[in-house]
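Geometric and topological summary
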Amino acid sequence: MITSTPTARELLTIAVDVAREAAATAYRMRVEGVSVAATKSTVTDVVTAADRAVERQVVAALRQRRPGDAVLGEEYGAGETGPAGPDGVRWILDPIDGTVNYLYGLPYCAVSLAAEVAGEVVAGVVRNVVTGEEWTATLGGGAWRDGQRLHGSTATDLGQALVATGFGYDAGRRAHQARVVTELIPHIRDIRRMGAAALDLCLAAEGRVDAYYEKGLADWDLAAGGLVAREAGLLVTGLSGRPPGPDLVLAAPPVLHGPLHDRLVDLDASGGP
């Protein structure tokens, strides 16, 4: 049993083991059939029984390996784990990112698990539940998929950039976000909306999309995927000097970040409901 603060690499090893087991459970439950267990912010913002089962499984696995750590999960919040100490570890979990995709059987959903030490994310893993694709990163250690180090997109022209984004569940917010996309799309190659923020961040890290932005992300949406993106060399920020967070997250290579940032500021992408 580990009782002292481990290295980022040690934390990543734990995260990968736990995330793989969680993804296997989520996959099995999807094959067996899935149903809506509850709704959250709106009737379209669903929680499945698998979301809850996977989160409980991850929390139990982390308690067994590191019982003194805190865990922040999407479905149960901080649960019964208590706060991390000033130099302690907090795990940040999205048990199934892309729940609506999962519900509909679309192969774009993931387990996202990050380890935070003294308020800084130092290790993270995002594992696609359906395909088994897995992205990992440690602070200062780079971002990786299948043994290949990631370096983001090489695109230099915003007009040729494929940009991923997402939409909230509140009708007013969605309307505002749609207006932003309407005004943005003439200035880029195209938009992709795939429905799982952690995976969007990883695809941006890999260069399978050139950039990503979205309003409304929570800690569990951003923690692991954000570290993967940063370690791949992307700038992960908010707008107008603000940090990434619920107002807006923008992840892009430095050469694209400036022009896309300025366009999003002009379009008030962080505004609205």
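Provided above is the structure to which this section pertains.
Attention here is on the structure that accompanies the text. None of these values were measured; they are calculated from a predicted model.

**Quick notes on the layout of surface pockets**
In this structure, the second largest pocket spans a volume of roughly 180 Å³. Together, Ile-92, Glu-116, Val-121, Leu-217, Ala-218, Asp-219, Leu-222, Ala-223, Arg-230, Pro-244, Gly-245 and Pro-246 line the second largest pocket. Tallied by class, the residues present in the lining of the second largest pocket amount to eight nonpolar, one polar and three charged.

**Some remarks on helix 4 (residues 171–184)**
Compared with an ideal rise of 1.5 Å per residue, which puts 14 residues at 20 Å, helix 4 spans 20 Å between its outermost C-alpha atoms and is within 8% of the ideal. Residues of helix 4 that are buried: His-176, Gln-177, Val-180, Val-181 and Leu-184. Down the axis of helix 4, the smallest arc covering the buried residues is 140°, so these residues share one side. With respect to the buried face of helix 4, the exposed residues turned more than 90 degrees away are Ala-171, Arg-179 and Thr-182. Residues of helix 4 that are buried sit in contact with strand 10 (162–165), strand 11 (190–193), strand 12 (211–214) and helix 7 (254–266). Capping the start of helix 4 is the job of one residue whose side-chain oxygen sits 3.0 Å from the backbone nitrogen of Gly-172: Asp-170.

**Quick look at empty space enclosed by the protein**
Taken as a whole and assessed by the stated rule, the structure comprises one cavity of 30 Å³ or more. When its volume is computed, the largest cavity comes out at roughly 60 Å³. Around the largest cavity sit Thr-165, Gly-166, Phe-167, Gln-177, Val-180, Val-181, Tyr-213, Glu-214, Lys-215 and Ala-269, which together line it. When residues of the lining of the largest cavity are assigned to their parent elements, the largest contribution, three residues, is made by helix 4. Considered class by class, the residues forming the lining of the largest cavity number five nonpolar, three polar and two charged.

**Side note on the nonpolar core**
Residues Val-126, Trp-135, Leu-150, Leu-199, Tyr-212 and Val-228 are the most contacted members of the largest nonpolar core, which totals 37 residues. Sort the elements by how many residues they give to this core and helix 5 (residues 197–206) lands first, with eight residues. Filtering out sequence-adjacent residues up to four positions away, Val-126 remains in contact with Ala-110, Val-111, Ser-112, Glu-133, Glu-134, Trp-135, Ala-198, Leu-199, Cys-202, Ala-224 and Gly-225. Core analysis: the second largest hydrophobic core is formed by 33 residues, Ala-19, Val-54, Val-59 and Ala-61 among them.

Calculation criteria
Residues numbered from 1 in each chain as written. Predicted model: local features only at pLDDT ≥ 70, side-chain atom pairs only at ≥ 80, totals over all residues. Heavy atoms only, no water. 1 Å grid on protein atoms, 1.4 Å probe; cavity = no way out; pocket = protein on both sides within 12 Å on 5 of 7 lines; lining within 4 Å. Points joined across faces, edges and corners; volume = space filled by probe spheres on them. Nonpolar A, V, L, I, M, F, W, Y, C, P; charged D, E, K, R; others polar. Helix = DSSP H or I, 4+ residues; strand = E, 2+ residues; numbered from the N terminus. Expected span 1.5 Å × (residues − 1). Buried < 20%, exposed > 50% of the residue type's maximum accessible area, 1.4 Å probe, protein only. Arc of directions from axis to C-beta. Contact = heavy atoms within 4.5 Å. Polar contact = N/O pair within 3.5 Å; in protein donor to acceptor, adjacent residues only side chain to side chain. Core = buried A, V, L, I, M, F, W, Y, C linked by side-chain atoms within 4.5 Å.

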